[in-house]
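Breakdown of the fold
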Amino acid sequence: MKRVLGVALGILTAIGGFLDIGDMVTNAVVGSRFGLSLAWVVVVGVIGICVFAQMSGRVAAVSGRATFELIRERLGPRVAVLNLGASFMINLMTLTAEIGGVALALQLVSSVSYLLWVPFAALAVWLVIWRVKFSVMENVAGLVGLCLIGFAVALFLLNPDWSELGRQAVPGASTGTEKVSTYWFYAVALFGAAMTPYEVFFFSSGAVEEGWTVKDLARSRANVLVGFPLGGLLSLAIAGCAAVVLLPQFISVTALSQVMLPVAMAGGKVLLALIIVGIVAATAGAALETTLSAGYTIAQFLGWPWGKFRPPAQAARFHLLMIICLIVGIGTLMTGVDPIQVTEISVVFSAVALPLTYLPILIVANDPEYMGEHVNGQALNGTALIYLVIILAAALAAIPLLIITGAGR
Amino acid sequence: MAVVDDLELSDVPVGQQIPIDTPPPVITALLSGPVLATRIFGGRPPDSRMQRTPWAAVAEVGVVIKLAVDQDTRDAAWTERWVRDNVIGRIPGGRHVPEQEQDDHPQNEERGRS
């Protein structure tokens, strides 16, 4: 059991990264419009995040410092502040969207307007950050979020034509009635969603929270190799369900209820209830991850004491910052902005911020002063460099595609 | 506790001949202060805006500099103390100590120069 819980950090990071409210809806949108023809992007994204999370986890375990602390030290405040600015804005947008997502999921259960749930959701997130031990938080959010396996169950229950799904998944299959530019816009969006910077900051800060040392390198690797592929598989299951049920009927996905339609059809009320529990846990997990990430990045950049392992009084500015972020989030949501649209935009901006985040990580992971004998091997460096090229391409293409396609219309 | 932003060295006369056997300058204090804008754009804040941590307080020098004194007494930690006493300390549960899971978390230290 301890082994299973030992990978909870990886699972929570992946859930918060791949399966937050925006990604769930994006995956369903992609499935309903493109079938599984964008599945290869999820695979590429999962491999990419595994490579970089593994590096940042190793950096945290060997040097005892989280990634962002080392970015400023190694690369100087100018580079770090660019990175920080981009990451913080994305974190803020995403945490706003996640609080909205928790409220939307609660609205589905209770038929009470989501605007009324927003303050409660934010308060609940804050209470967990304030009092709950890090390991308890990651275990509960991670494991309950795994209820999203219901989507995979639903996919099997729907008895799809597997050969048809396989045919769609082959890269290069026709895009049907959709434009090529829209196809690539969603490719960039899915890639940005898989490799969002806050995943890496949360994972490495979480490694420090848990006190990982050189002895925990194998555990770090296990977290990465279990958590992120699992997140990727669940993303594909959501897209698959949409591809099987919504695509043939040309049903477009604009709300959370449509994401869950295939599950309701496949497994009835029981499976639907399981999914809703999973969605609440996953969006809450994502809200926790992004709020904590916002705190971690600023505190680590400015040299403040940070961490949930400290009593709040000993990490006062860290906690105050997160409280302010949550209040800003509540305020933004109360203006009535659609939380799902907020994440879809923030995912695209994540793609733009990717090179600023991942190049420093690669540099730090190769630095013998911090890593001693645990610097990157040649193979890892080679893969990471290939990914940097892909990341750069995605970053350059993101904004033009956003404009050309009108955010995927 | 804070980021080391500058070092205070013992006096070195400028523009004069220095006798050959003069000892080299030594670090007398670590300085921390509002340097973010000046590091990015240029220049430096005046000495009166920087908080001093005397070198006598330093216990160990590595990737981080560990101090031998309680950080609560340091001027450089004043914003943290202020937020703790006036904001966070007043919220219920603010001083609650979560169970320690490991003992090797960094405590009481300054990070090296960036």
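These numbers were taken from a predicted model, which means no experiment stands behind them. (Residues numbered from 1 in each chain as written. Chains lettered and ligands numbered in written order. Predicted model: local features only at pLDDT ≥ 70, side-chain atom pairs only at ≥ 80, totals over all residues.)

1. Things to note about the overall build of chain A
The secondary structure content of chain A amounts to 17 helices and 0 strands. A compact globule built from 409 residues should have a C-alpha radius of gyration of about 22 Å, and chain A, at 20 Å, falls within 12% of that. When its C-alpha atoms are laid out on the principal axes, chain A stretches across 55 × 45 × 45 Å. Per-residue burial over chain A gives 59% buried out of 409 residues. Put simply, of all contacts in chain A between residues at least 6 apart along the chain, 87% involve residues at least 24 apart. (Helix = DSSP H or I, 4+ residues; strand = E, 2+ residues; numbered from the N terminus. Rg over C-alpha atoms; globule rule 2.2 N^0.38 Å. Buried ≥ 20, exposed ≤ 12 C-beta atoms within 10 Å, placed from the backbone. Contact = placed C-beta atoms within 7 Å.)

2. Observations regarding the overall build of chain B
In terms of helices and strands, chain B carries 2 helices and 7 strands. What you see in chain B, going N to C, is helices and strands ordered as β-β-β-α-β-β-β-α-β. Sequence separation of 24 or more characterises 53% of the internal contacts of chain B that already satisfy a separation of 6 or more.

3. With respect to the confidence of the model for chain B
Residues and elements named next belong to chain B. For chain B, the average pLDDT comes to 75, and 84% of its residues sit at 70 or higher. Put simply, strand β7 (residues 109-111) is where chain B has its lowest mean pLDDT, 43, and helix α2 (residues 78-86) is where it has its highest, 85. We note a pTM of 0.87 for the whole complex and an ipTM of 0.74 for its interfaces. (pLDDT = per-residue confidence, 0-100.)

4. Quick notes on unusual backbone geometry
Leaving glycine aside, a negative phi is the common case for residues, and trans is the common case for peptide bonds. All names here are of chain A. The backbone of N159 shows a phi angle near 50 degrees, a positive value even though the residue is not glycine. Structurally, N159 is set in the loop between α8 (149-157) and α9 (162-169). Since 9 C-beta atoms lie within 10 Å of it, N159 is described here as exposed. One non-glycine residue, F250, lies in the positive phi region at around 55 degrees.

5. Let's talk about the nonpolar core
Residues and elements named next belong to chain A. Ranked by internal contacts, the top residues of the largest apolar core, which has 156 residues, are V125 and L190. No other element matches the 21 residues that helix α13 (residues 256-302) contributes to this core. In this structure V125 touches I99, A284, A287, L288, T291 and L326, once residues within four positions along its chain are discounted. (Core = buried A, V, L, I, M, F, W, Y, C linked by C-beta atoms within 7 Å.)

6. Quick word on the environment of A:G64
By secondary structure assignment, the location of A:G64 is in the loop between α4 (39-63) and α5 (67-110). It is 20 Å that separates the C-alpha atoms of A:G64 and A:P197, two residues lying 133 residues apart in sequence.

7. Let's talk about the sheet that holds strand β4 (residues 51-54) of chain B
Residue and element names in this part refer to chain B. Spatially, the 3 strands line up as an open sheet ordered β2-β3-β4, and their pairing is antiparallel. Looking along the sheet, the strands with just one partner apiece sit at the ends: β2 (6-9) and β4. Going across the sheet, the axis of each strand differs from the next one's by a mean of 35 degrees, ignoring polarity. (Pairing = 2+ DSSP bridges. Axes fitted to C-alpha atoms, helices over the stretch in contact; angles between N-to-C directions.)

8. Concerning the pairing of strand β6 (residues 64-67) of chain B
Residues and elements named next belong to chain B. Bridge analysis of strand β5 (residues 58-61) against β6 gives 3 bridges, and the strand direction is antiparallel. When the bridges of β6 are listed, V58 appears paired with L67. With antiparallel pairing between neighbouring strands as the criterion, β5 and β6 make up a hairpin whose turn holds 2 residues.

9. Structural notes on helix α2 (residues 8-18) of chain A
For α2(A), the buried fraction is high: 11 of the 11 residues fall into the buried class. By the burial criterion, the buried members of α2(A) are A:A8, A:L9, A:G10, A:I11, A:L12, A:T13, A:A14, A:I15, A:G16, A:G17 and A:F18.

10. What about the confidence of the model for chain A?
For chain A, per-residue confidence averages 87 on the pLDDT scale, and 98% of positions sit at 70 or higher. Mean pLDDT in chain A bottoms out at helix α1 (residues 2-6) of chain A, which sits at 72, and peaks at helix α14 (residues 316-334) of chain A, which reaches 94.

11. Some words on the environment of A:I71
All names here are of chain A. As for its placement among the helices and strands, I71 is situated in helix α5. Linking I71 and P360, residues 289 residues apart in sequence, is a C-alpha distance of 6.1 Å. Apart from the residues within four sequence positions on either side, I71 is in contact with A80, N83, P360 and V364.

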